[in-house]
Amino acid sequence: MEFRRIEDLSKVKDIYELYLASFPPEERVPFDSLFSGVFEGFELYALYDNEHLVAMAHLNNTENFVHVNYLAVVKEYQCQGNGSDVLSRVKDMFKGKAVVLDIEELDEEAENNHLRIRRKKFYGKNGFVQGEHVFNWEGVFMTYMHCGELDGEEFMEYIQIIFPTIINVRKRDV
């Protein structure tokens, strides 16, 4: 498997299709905007088995942490350790920094709550712990998980800059 940085967006039809298939419309931004404007500095990586796309990760390496904005594995490659492989590679690439990602809050009323539970367990299995904040982004209650020391207040300031439509930021009830 090869994990490579993608620099030429004209050749990422497979990544674009994975992005559309993996994230609900309310959690997506226009694909092209992932590499312009407020997302400047973000990088796109892909895991390939020969030339077959296995997974993608869209991330930003900030001064104090690495934010994994989007992470997805092609359906045929799921449950084979490929998501864990991507997370491990990101942690190795940015040793000494916290790696943080946002996830949907668990909600028994949500149609996809079973997927939310599965994602949270997956990240926990990979060394990520629950963050201390909850926020609403485009009508979806989100939180974050991180691996390594993270200043939650700093992360919330950052995420509100890249996603200015975030509202109702609060500390998690204990």
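None of the values given here were measured: they were computed from a predicted structure. Residue indices begin from 1 for each chain and proceed along its sequence in written order. Totals for whole chains, interfaces and linings use all residues, but because this is a predicted model, local features are given only for residues with pLDDT of at least 70 and pairs of side-chain atoms are given and counted only at 80 or more. Neither water nor hydrogens contribute to the side-chain values; these are computed over all heavy atoms in the structure.

A.B. asks: I keep staring at the packing of aromatic side chains and nothing clicks. Help me out?
C.D. replies: Two descriptors summarise a pair of aromatic rings, namely the distance from one centre to the other and the angle between the planes of the rings. Planes of paired rings set the category: under 30 degrees apart is stacked, over 60 is edge-to-face and the rest tilted, where pairs are Phe, Tyr or Trp rings (Trp by its six-membered ring) whose centres lie within 6.5 Å. Applying the stated criterion to the full structure yields 13 aromatic pairs. An angle of 15° between the planes, with centres 5.3 Å apart, marks the rings of Phe3 and Tyr45 as stacked. Here Tyr45 lies in strand E2 (residues 42-49) and Phe3 lies in strand E1 (residues 2-6), a separation of 42 residues in the sequence. Throughout, exposure labels follow a simple rule: accessible area from a 1.4 Å probe, protein chains only, divided by the maximum for the residue type, with under 20% read as buried, over 50% as exposed, and the rest as partly exposed. Judged by its relative accessible area of 16%, Phe3 is buried. Between Phe155 and Tyr158 the ring centres are 5.8 Å apart and the planes differ by 40°, which places this aromatic pair in the tilted class. We count a stretch as a helix when DSSP gives it H or I for four or more residues in a row; a strand needs E for two or more, and each element gets its number in order from the N terminus.

A.B. asks: Mind showing me how you'd approach unusual backbone geometry here?
C.D. replies: Glycine aside, negative phi is the norm for most residues, and most peptide bonds take the trans geometry. Here the phi dihedral of Asn50 falls at roughly 55°; this positive angle occurs in a residue that is not glycine. The residue Asn50 is located in the loop between E2 and strand E3 (52-61) in this model. The exposure class of Asn50 is exposed, given its relative accessible area of 63%. One non-glycine residue with positive phi stands out, namely Cys79, at about 60°. The topology assignment puts Cys79 in the loop between strand E4 (65-73) and helix H2 (82-93).

A.B. asks: Whenever I open this one, the pattern of salt bridges confuses me. Can you help?
C.D. replies: A pair is scored as a salt bridge if a Lys or Arg side-chain nitrogen falls within 4 Å of a carboxyl oxygen belonging to Asp or Glu. Within the structure shown, the criterion is met by 12 salt bridges. As a salt-bridge pair, Glu104 and Arg116 come within 3.6 Å of each other at their nearest N and O atoms. Of this pair, Glu104 sits in strand E5 (residues 98-104) while Arg116 sits in helix H3 (residues 113-125), placing them 12 residues apart in sequence. Classification of Glu104 by relative accessible area gives buried; the value is 6%. Between Glu104 and Arg119 there is a salt bridge whose closest N-O contact spans 2.7 Å. Within this pair, whereas Glu104 is found in strand E5, its partner Arg119 is found in helix H3, the two being separated by 15 residues in sequence. When salt bridges that share partners are traced, they join Glu2, Arg4 and Glu51 into one network.

A.B. asks: What is the right way to look at the side chain of Asn113 in this model?
C.D. replies: When you line up the elements, Asn113 lands in helix H3. Taking the relative accessible area as the measure of exposure, Asn113 reaches 10% and is therefore buried. Residue contacts are defined here by distance: any two heavy atoms, one from each residue, within 4.5 Å place the two residues in contact. Not counting residues within four places of it along the chain, the set of residues in contact with Asn113 comprises Leu106, Asp107 and Glu108.

A.B. asks: How do you make sense of the nonpolar core when you look at a structure like this?
C.D. replies: Soluble globular proteins tend to pack their nonpolar side chains together in the buried interior. For the purposes of this section, nonpolar cores are sets of buried Ala, Val, Leu, Ile, Met, Phe, Trp, Tyr and Cys residues that join through side-chain atoms within 4.5 Å. Ranked by size, the top nonpolar core spans 57 residues in total, and within it Ile15, Val90, Phe155 and Ile159 carry the most contacts. Sort the elements by how many residues they give to this core and E4 lands first, with seven residues. If near-sequence neighbours (up to four positions away) are discounted, Val90 is found in contact with Phe3, Leu59, Val66, Val68 and Val99.

A.B. asks: I keep staring at the sheet that holds strand E6 (residues 129-137) and nothing clicks. Help me out?
C.D. replies: Sheets are built from strands paired through backbone hydrogen bonds, the pairs being either parallel or antiparallel. Read from one edge to the other, the open sheet built from eight strands follows the order E1-E2-E3-E4-E5-E7-E6-E8, with strand pairing classed as mixed. A single partner strand is all that each edge strand has here, and the edge strands are E1 and strand E8 (167-171). Pairs of neighbouring strands in the sheet enclose a mean axial angle of 30°, with direction left out of account. By the bridge criterion, six bridges tie E6 to strand E7 (residues 140-147) in an arrangement that is antiparallel. What sits directly across from Asn136, in E7, is Phe141. In this description, a line fitted to the C-alpha atoms serves as the axis of each element, helices being fitted only across the stretch in contact, and the angle between N-to-C directions of two axes falls anywhere from 0 to 180 degrees. Here H2 sits on the sheet in contact with E1, E2, E3, E4, E5 and E7, set at roughly 160° to E4. Between any two strands, pairing holds if DSSP finds at least two bridges.

A.B. asks: Before we go on, may I ask you to explain H3 in this structure?
C.D. replies: Helical periodicity: at 3.6 residues per turn, an α-helix aligns residues three or four positions apart in one direction. Expected span, for any helix, means 1.5 Å times one less than how many residues it has. When the terminal C-alpha atoms of H3 are compared, their 18 Å separation across 13 residues agrees well with the 18 Å that a helix rising 1.5 Å per residue should span. Every buried residue of H3 is listed here: Asn113, Arg116 and Tyr123. One side of H3 holds all its buried residues, which, seen down the axis, span an arc of 90°. Exposed residues on H3 whose side chains face more than 90 degrees from its buried face are His114, Lys121 and Lys125. Where H3 is buried, its residues meet E4, H2, E5 and E7. Gly127 occupies a position one or two residues after H3 and carries a positive phi of about 90°. Of all possible arcs, the one meant is that of the directions from the helix axis to the C-beta atoms.

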